[in-house]
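Chain residues, written in single-letter form:
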Amino acid sequence: MAELPRTIAEAAALLRAKQASAVELARVAIARAGTDPFNAWLRVSEQHALAQARAADERIARGDAPPLCGIPWACKDIIGTKDVETTAGSRILDGYLPPYSATVVERLDREGAVMIGKTNLDEFAMGSSNENSAFGPVCNPWDASRVPGGSSGGSAVSVATGEVLFALGTDTGGSIRQPAALTGTVGMKPTYGRVSRYGVVAFASSLDQVGPFTTTVEDAATVCQALFGQDPSDATTMPLAAEDLRRDLDTGVRGMRLGVPKEYFIEGIEPGVERAVRDAIRELERQGASIEEVSLPSTDHALGVYYIIQPAEASANLARYDGVRYGLRVEGADLVDTYKRTRGTGFGAEVKRRMILGTYALSTGYYDAYYVKAQKVRTVIKAEFERVFQRVDALLTPTSPTVAFGIGAKVNDPLAMYLNDVFTLPVNIAGLPGISVPCGLSEGLPVGLQVIAGYNAEATMFRVAAAYERATDHHLRRPPYFGTGSVGADLKRSPNAAFGTSETY
Amino acid sequence: MSEIDSKVVRYVADLARIALTDDEVDRFTKQLSVVLDAVGKLGEVDTEAIPPTASVLPLENVTREDDARPSLTLEEAMRNAPARDGDLFRVQTIIEERPGG
């Protein structure tokens, strides 16, 4: 076996039929991850993976195999994994060995899923291009001179290239959905409160959620089924009754009311992106959904709300990196000087920028003008979504205004970079679930359709996304460098050759 | 809303306990001014009668029984320490001992 099956569903069928073993799948994934030419991986934990795969094979032999048993997966390196180094993409956590695993990792361990390793990301998940990693940028397998999106860029690429069958990411303002759109994968952010963040490095606590990257909508629902549920260790998880998230995958959209918010088709959206998304909307209409234009008038203010609340919360969360109990320490003249040198050396430019911005917004004299004001406008944005969801079952929008852009194109213009998330961050502000599914190519690069549903209405969201996916083959397209080609081997020898030199390809 | 200049950036970096180079101060001052201009548009929204939202969850005061539960061992909790002294995290002196005190 040189390649993994395309989906979790196919792999699970092979495992159950004893046509493949979990150890075989793990070996393929380890080999593919180990020769990945896109800098998607920070570490491959081979021994850990093989031990998990052997245990999975025993469970399968006993006939006791949950849907994810034996399935190889990749973990964004901001999610803590016991005894497997976890860095959050930052020099300040280089070498950090978590003494416990995040609840999401424990849940996947219990299912028998096989973790292959940890994926690259923007430092502390702060970024939309994966260029802010202390361990180098990730390249997009559709065109290695371009970014894969971020912050979960490594996780997106690991699935887009078929190195693993699913990956976990985190999404604070679009960090799962935007890289999914830019790499042609399915990426999903659950309702705030459905998935535990215990053991996940905290970024902006009122916005962060963990979610999956997969090849199909069905696979996304399968992973969510394992992740969802209240966790006594995370007081922000909701006590909801268990439900079958896959129940409406085949129901179709006939009779559904789907809203298209006019504020999401603005100046600045690339014509090829708008065309692909409009085509997708027409496809759902053809299948019997009624499409209505709706309005979310305060969409324009979401970016401002986000760039106050998110850095403010981050500046508080990242106060813990002081060089005392773990992580980097750079000794100074006294303790305060040690804090400053440690943080000045250990944090990258984007993290420092956001620490300054967030601390400023929370400082005396500006707290009301910035932080409280942003929280009030947050109330307005949330209320507008709630009003719209009284009329429609789901919303359809582009995931990102552009396709993947060139590495280096926006690094010196933070505002241009922040605009990448203009269609995804309102969903985090309101705490709603959202999914990005591939809806075609523009200039040879993937475009994502975003489906947003009401609170805890993931089953409805999957219903719409699956109906669209069934009618198209966009999700089955693979990037040109899919597989173990010689181009990959060349890149691996000289990873930096890939950055900014499209002529190599 | 107010202008951000290099003095403010230095002051805030001190509050955030981050050492910045002069070059970083210049760069961040320019970049953050642009971001704050964009954020300043929030002033246009009338929020006179609107309460702030800190969390979207309909939860408050989540409590649990105050039972002892298994926790990390001392070794597990200490193993990432940059410097330690037995069972203690070692840091620089923060309180000077007075002679005879």
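Here's a quick rundown of the structure. (Residues numbered from 1 in each chain as written. Chains lettered and ligands numbered in written order. Predicted model: local features only at pLDDT ≥ 70, side-chain atom pairs only at ≥ 80, totals over all residues.)

**Some points on the overall build of chain B**
For clarity, the cut-off: The numbering of helices and of strands both runs from the N terminus, where a helix is a DSSP run of H or I of at least 4 residues and a strand a run of E of at least 2. Between the two quantities, the radius of gyration covers C-alpha atoms and the globule rule is 2.2 Å times the number of residues to the power 0.38. For the exposure call, what matters is how many other C-beta atoms sit within 10 Å of a residue's own: 20 or more marks it buried, 12 or fewer exposed, and in between partly exposed, using C-beta atoms placed from the backbone.
Each helix and strand in chain B was counted, giving 3 helices and 2 strands. Helices (α) and strands (β) of chain B occur, in sequence order from the N terminus, as α-α-α-β-β. At 23 Å, chain B has a C-alpha radius of gyration far larger than the 13 Å of a compact globule built from 101 residues. Taken along the three principal axes of its C-alpha coordinates, chain B extends 55 × 45 × 30 Å. Counting over 101 residues, chain B shows a buried share of 16%.

**What about the overall build of chain A?**
Short version of the rule: We call two residues in contact when the distance between their C-beta atoms, placed using the backbone, is within 7 Å.
Along the backbone of chain A there are 16 helices and 11 strands. Taking 2.2 N^0.38 as the reference for a compact globule, 505 residues should give roughly 23 Å; the C-alpha atoms of chain A span a radius of gyration of 21 Å, in line with that estimate. Residues classed as buried in chain A amount to 61% of the 505 residues present. Long-range pairs, those at least 24 residues apart, make up 76% of the contacts in chain A with a sequence separation of at least 6.

**A short note on the packing of helix H2 (residues 22–34) of chain A against helix H3 (residues 46–62) of chain A**
Residues and elements named next belong to chain A. Note the threshold: Working convention: axes come from line fits to C-alpha atoms, limited for helices to the stretch in contact. Angles between N-to-C directions cover 0 to 180 degrees. Each angle gets one of four labels, with under 35 degrees taken as roughly parallel, over 145 as roughly antiparallel, 65 to 115 as roughly perpendicular, and the rest as oblique. Here a crossing is taken to be left-handed if its near helix is turned anticlockwise relative to the far helix by less than a right angle, and right-handed if that turn runs clockwise. In this classification, Asp, Glu, Lys and Arg are treated as charged, Ala, Val, Leu, Ile, Met, Phe, Trp, Tyr, Cys and Pro as nonpolar, and every other residue, Gly included, as polar.
One can describe the packing of H2 onto H3 by two numbers: an axis separation of 8 Å at closest approach and a directional angle of 155 degrees. The angle between the axes of H2 and H3 places the two elements in the roughly antiparallel class. The handedness of the crossing between H2 and H3 comes out as right-handed. Contact residues: H2 offers Ala 22, Val 23, Ala 26 and Ile 30, while H3 offers Glu 46, Ala 49, Leu 50, Ala 53, Arg 54, Ala 56, Asp 57 and Ile 60. Residues belonging to the contact of H2 with H3 are distributed by class as follows: 9 nonpolar, no polar and 3 charged.

**Description of the interface of chain B and chain A**
Of the residues lining the interface, 46 residues belong to chain B; the matching set on chain A comes to 57 residues. Breaking the side of chain B that touches chain A down by element, the ones donating at least two residues are helix H1 (6–15), helix H2 (22–39) and helix H3 (74–78) of chain B. Of the residues forming the side of chain B that touches chain A, the biggest block, 8 residues, is contributed by H2 of chain B. Here the side of chain B that touches chain A is composed, by residue class, of 34 nonpolar, 6 polar and 6 charged.

**Remarks on the sheet that holds strand S2 (residues 72–76) of chain A**
The strands that make up a sheet pair up through hydrogen bonds in the backbone, lying either parallel or antiparallel. Residues and elements named next belong to chain A. Counted only if it meets this: By this definition, two strands are paired if DSSP reports at least two bridges between them.
Ordered by their spatial adjacency, 11 strands build an open sheet running S1-S3-S2-S4-S6-S5-S10-S11-S9-S7-S8, and the pairing between neighbours is mixed. Two strands bound the open sheet, and with one partner strand each, they are strand S1 (41–44) and strand S8 (290–294). Direction aside, neighbouring strands of the sheet carry axes that sit 30 degrees apart on average. Two elements, strand S10 (residues 434–442) and strand S11 (residues 445–453), share 7 bridges in a ladder whose sense is antiparallel.

**Some thoughts on the pairing of strand S9 (residues 394–398) of chain A**
Residue and element names in this part refer to chain A. Counting buried residues along S9, 5 of its 5 residues qualify, which places the element largely inside the surrounding structure. In this sheet, S9 lies alongside strand S7 (residues 257–261) in parallel orientation, the contact comprising 2 bridges. Among the inter-strand pairings, Gly 259 is bridged to a residue of S9, identified as Leu 395. In this sheet, S11 lies alongside S9 in antiparallel orientation, the contact comprising 5 bridges. The residue bridging Thr 397 from the neighbouring strand is Gln 450, located in S11.

**Focus: unusual backbone geometry**
The bulk of non-glycine residues show a negative phi, and the bulk of peptide bonds are trans. Residue and element names in this part refer to chain A. A cis amide bond links Gly 150 to the next residue, Ser 151, at an omega of 15 degrees. Counting through the fold element by element, Ser 151 comes out in the loop between strand S3 (114–119) and helix H5 (153–160). Even without being a glycine, Asp 83 presents a positive backbone phi close to 65 degrees. Topologically, Asp 83 is positioned in the loop between S2 and helix H4 (103–111). Residue Asp 83 is classed as partly exposed on the basis of its C-beta count, with 13 C-beta atoms lying within 10 Å. Its identity as a non-glycine residue notwithstanding, Ala 125 has a phi of 70 degrees, on the positive side.

**A closer look at the nonpolar core**
Nonpolar side chains in soluble globular proteins tend to end up buried together. Residues and elements named next belong to chain A. Inclusion rule: What makes a nonpolar core is a set of buried Ala, Val, Leu, Ile, Met, Phe, Trp, Tyr and Cys residues, with links drawn between C-beta atoms within 7 Å.
Counting 168 residues, the largest nonpolar core has Trp 73, Val 114, Ile 116 and Val 464 as the members making the most contacts within it. Among the elements that take part in this core, helix H9 (residues 302–317) stands out by supplying 9 residues, more than any other. Every residue in contact with Trp 73, bar those within four places of it in the chain, is listed here: Leu 108, Ala 113, Val 114, Met 115, Ile 116, Val 164, Leu 165, Phe 166 and Ala 167.

**Considerations on H2 of chain A**
Residues and elements named next belong to chain A. We count it as follows: How far a helix is expected to stretch is found by multiplying one less than its residue total by 1.5 Å.
For H2, which comprises 13 residues, the first-to-last C-alpha distance of 18 Å matches the rise-based estimate of 18 Å (1.5 Å per residue) to within 8%. Buried residues of H2: Ala 22, Leu 25, Ala 26, Val 28, Ala 29, Ile 30, Arg 32 and Ala 33, and no others. On its buried face, H2 is in contact with helix H1 (8–16), S1, H3, S2, S3 and H5.

**Some details on the packing of H9 of chain A against H2 of chain B**
Between H9 of chain A and H2 of chain B, the shortest axis-to-axis distance is 8 Å and the interhelical angle comes to 125 degrees. On the basis of the axis angle, H9 of chain A is oblique to H2 of chain B. On the side of H9 of chain A, the interface is formed by Leu 303, Gly 304, Tyr 307 and Ile 308 of chain A, while H2 of chain B contributes Val 35, Ala 38 and Val 39 of chain B. Looking at the contact of H9 of chain A with H2 of chain B residue by residue, the classes come out as 6 nonpolar, 1 polar and no charged.

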